[in-house]
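One letter stands for each residue in the lines below.
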Amino acid sequence: MVSRRDYRSMRSCSGWRRFLLLIPVLFVLPHLLSLVDFSSDSVRKDAQAVHSKKLDHLVLGPVAGQGLPDRLHCRGTKALNKTHTTTSSVSGAGNCVSFVTVFTIYNTSIDSVKSSNMVSVVGNVTYSKPERSMAVLNAFANFIQVTMPKSNVVILTDPASDLSIHQSNVVVQPVRGDYSRGNLMLQRIRSYIAFLEKQLEKSEGERNHYIFTDSDMAVVDDIGTIFEKHPSFHLALTFRNNKDQPLNSGFIAVRGTREGILRAKVFLEEVLKAYKTKYMKASRMLGDQLALVWVVKSHPSFDAKRFTKPQAFTQEIAGASVLFLPCALYNWTPPEGAGQFHGMPLDVKIVHFKGSRKRLMLEAWNFYKSTSNIPDMLCLVLGSGRTKYDF
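Residues numbered from 1 in each chain as written. Predicted model: local features only at pLDDT ≥ 70, side-chain atom pairs only at ≥ 80, totals over all residues. Heavy atoms only, no water.

In the annotation of an unreviewed UniProt entry, the protein is listed under the name Nucleotide-diphospho-sugar transferase domain-containing protein and assigned to Capsella rubella.

In structure tokens:
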């Protein structure tokens, strides 16, 4: 029988043996490391390959909303219930739809950033940061070309930006202003107002309906129908059940009549005034949304409880008839964490790839190009929505 004292002695000796065995390793390891050239091209390429491999694939997870009758059902990337059409267009009383977005490139010299800002994005395609932004912009225009082929895209940009867009449905329109990062959201409102002023100079037959959107959105179904389904509104906004930020400024629709354009212009001038007087110190990406919410909620008869139910409604605000559309259909965003949502509505119209989801937008467009199937592509988005992307 081993005594407690003998046991402690054995434990102590065993610890010393392990230490003695480590001594040769401690002396030899630095010499072995000195033989490896970590600055060599081969090691650097291997490290880049590992990093690239990590970024260049999607990880499909469980798809939420399965079994719910009004949600998209998927088996992998195969849609089991389909409602979307891919060649719809606005019918009816004549106005086509123009999508208007504000876009600028900060690194204007592509060659100067290729070596230091390369990011492997989709498969084997590698982009610099400006090229990456352009790829998202092109995907934005491509989705519109597929789902609303009679529509066009107007890009409002800094006159100094050199945008190379080779698409028949895209028009670049320079608007003077301050497009610096910290001022971009304020400038976006100013650019919208300047654009609407230009449209007022046109005759009735020359004007379209206008939808002002972020460029990281994919229009996956015809949304021009809102102008027929809701014939009396002047402008439309999207809302969600979020106490602090119930409105998302990434979607603003304007009816293409003189009255609609004029009322929308006055409304946005109120938003601009609220931004400049109340929210100049807000985060550079939130000021316009906070100003938008303030203008809406400051109306004495407005009931903010209506934001808790995903049902469209109309309200007179600042002299304009404002249609409020649920984000669940017109501004749906893939989640970044589990438990945040209950799947994708069957009749979703716009998917918003905001924040870190922009790479998923490029993955989605590439998938659509290979399948020509919007519902299957949405299953890819739905299954990939909980993957964190370094983009």
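S.K.: How would you explain the overall build of the protein if you had to name every residue and give the values?
M.R.: For the protein, the count of helices and strands is 11 helices and 14 strands. For the protein, the residues scored as buried account for 49% of the 391 residues in total. At a minimum sequence separation of 6, the contacts of the protein that also span at least 24 residues come to 68%. Entry remark: accessible area of the protein is about 20,100 Å², with carbon and sulfur atoms responsible for 54%. (Helix = DSSP H or I, 4+ residues; strand = E, 2+ residues; numbered from the N terminus. Buried < 20%, exposed > 50% of the residue type's maximum accessible area, 1.4 Å probe, protein only. Contact = heavy atoms within 4.5 Å. Areas by Shrake-Rupley, 256 points an atom, 1.4 Å probe, with all protein chains shown as cover.)

S.K.: Talk me through unusual backbone geometry; I want residue IDs and the actual numbers.
M.R.: The backbone phi angle of A318 is positive, close to 50°, even though this residue is not glycine. Examined against the element boundaries, A318 turns out to sit in the loop between strand 12 (313-317) and strand 13 (320-326). Judged by its relative accessible area of 34%, A318 is partly exposed. For S372, which is not glycine, the phi torsion reads 55° and is therefore positive. Following the sequence through the fold, S372 ends up in the loop between helix 10 (358-371) and helix 11 (374-384).

S.K.: Go over the nonpolar core, please, and point to the residues and values.
M.R.: Counting residues in hydrophobic clusters, the biggest one holds 62 residues, and the most contacted among them are L72, F99, I223, F251 and L378. Ranked by the residues each element gives to this core, the list is headed by helix 4 (residues 129-147), at 10 residues. Counting 44 residues, the second-largest nonpolar core is a separate cluster that includes L186, F195, Y275 and F313. (Core = buried A, V, L, I, M, F, W, Y, C linked by side-chain atoms within 4.5 Å.)

S.K.: Tell me about the pairing of strand 10 (residues 235-239), and please be specific about residues and values.
M.R.: For strand 10, a buried count of five out of five residues is recorded, marking the element as mostly surrounded by other parts of the structure. Burial of the side chains of strand 10 extends over both faces: L235, L237 and F239 are buried on one face and A236 and T238 on the other. In the sheet, strand 10 pairs with strand 11 (residues 247-254) via five bridges, with the strands oriented antiparallel. Considered in strand 11, the bridge of F239 is made with L247. Pairing between strand 10 and strand 13: five bridges, direction parallel. Following the sheet pairing, L235 is matched in strand 13 by V322. (Pairing = 2+ DSSP bridges.)

S.K.: Outline the packing of helix 4 against helix 10, listing residues and values.
M.R.: Packing of helix 4 against helix 10 leaves a shortest axis separation of 10 Å and a crossing angle of 45°. If you check the angle between helix 4 and helix 10, you find them oblique. The interaxial crossing formed by helix 4 with helix 10 has left-handed handedness. Residues A135, V136, A139, F140, N142, F143 and V146 of helix 4 lie in contact with helix 10, whose contacting residues are K358, M361, L362, A364, W365 and Y368. (Axes fitted to C-alpha atoms, helices over the stretch in contact; angles between N-to-C directions. Parallel < 35°, antiparallel > 145°, perpendicular 65-115°, else oblique. Left-handed = near helix turned anticlockwise from the far one by under 90°.)

S.K.: Explain the sheet that holds strand 6 (residues 152-157) to me, and be specific about the residues and the numbers.
M.R.: In spatial order, the strands read 7-6-3-8-11-10-13-12; together these eight strands make up an open sheet with mixed pairing. With one partner strand each, in any of the chains shown, strand 7 (170-174) and strand 12 form the two edges of the open sheet. This sheet shows a mean twist of 25° between the axes of neighbouring strands, independent of strand direction. Examined bridge by bridge, strand 6 and strand 7 share five bridges and lie parallel to one another.

S.K.: Can you break down the pairing of strand 11 residue by residue, with the values?
M.R.: On a regular strand, one side chain projects to one face of the sheet and the next to the other, so that they alternate. Counting buried positions along strand 11 yields eight of eight residues, so the element is predominantly enclosed. Of the pairings in the sheet, the one linking strand 8 (residues 209-213) to strand 11 comprises four bridges and is antiparallel in character. By the bridge assignment, Y210 is partnered in strand 11 with V254.

S.K.: Lay out the side chain of N331 in plain terms, naming residues and giving numbers.
M.R.: Take N331: it is sitting in the loop between helix 9 (327-330) and strand 14 (350-352). N331 gets classed as buried once you look at its relative accessible area, which sits at 4%. Here the side chain of N331 touches N248 through a polar contact of 3.0 Å, side chain to side chain. Among the polar contacts listed, one links the side chain of N331 to the side chain of H352, at a separation of 2.8 Å. When residues no more than four places from it in sequence are discounted, the contact partners of N331 are M217, T238, N248, F251, P326, I350 and H352. (Polar contact = N/O pair within 3.5 Å; in protein donor to acceptor, adjacent residues only side chain to side chain.)

S.K.: Can you explain the environment of K202? Please cite residues and give values.
M.R.: Counting through the fold element by element, K202 comes out in the loop between helix 5 (184-200) and strand 8. Polar side-chain contacts of K202 include one of 2.9 Å to the side chain of Q199.

S.K.: Tell me about the confidence of the model for the protein, and please be specific about residues and values.
M.R.: Mean pLDDT over the protein stands at 81; residues scoring 70 or higher make up 74%. Note that pLDDT drops below 50 for residues 86-94; the model gives that stretch 19 contacts with residues more than four away or on any other chain. (pLDDT = per-residue confidence, 0-100.)

S.K.: Please set out the environment of L235 residue by residue, giving values where relevant.
M.R.: Within the element layout of this structure, L235 appears in strand 10. With 26 residues separating them along the chain, L235 and H209 place their C-alpha atoms 10.0 Å apart. In contact with L235, not counting residues within four places along its chain, are I252, A253, V254, A264, F267, A320, S321, V322 and L323.

S.K.: Got a sec to walk through the pattern of salt bridges? Specific residues and values, please.
M.R.: Inspection of the entire model under this criterion finds 11 salt bridges. A salt bridge links E204 to R207, with the shortest nitrogen-to-oxygen separation between them at 2.5 Å. You can call R207 buried: its relative accessible area is 3%. K358 is paired through a salt bridge with D216; the nearest N and O atoms lie 3.1 Å apart. You can see K358 sitting in helix 10 and its partner D216 sitting in the loop between strand 8 and strand 9 (217-219), a full 142 residues away along the chain. Using a relative accessible area of 24% as the deciding quantity, one classes K358 as partly exposed. By relative accessible area, which is 8% here, D216 ends up buried. (Salt bridge = Lys/Arg side-chain N within 4 Å of Asp/Glu carboxyl O.)

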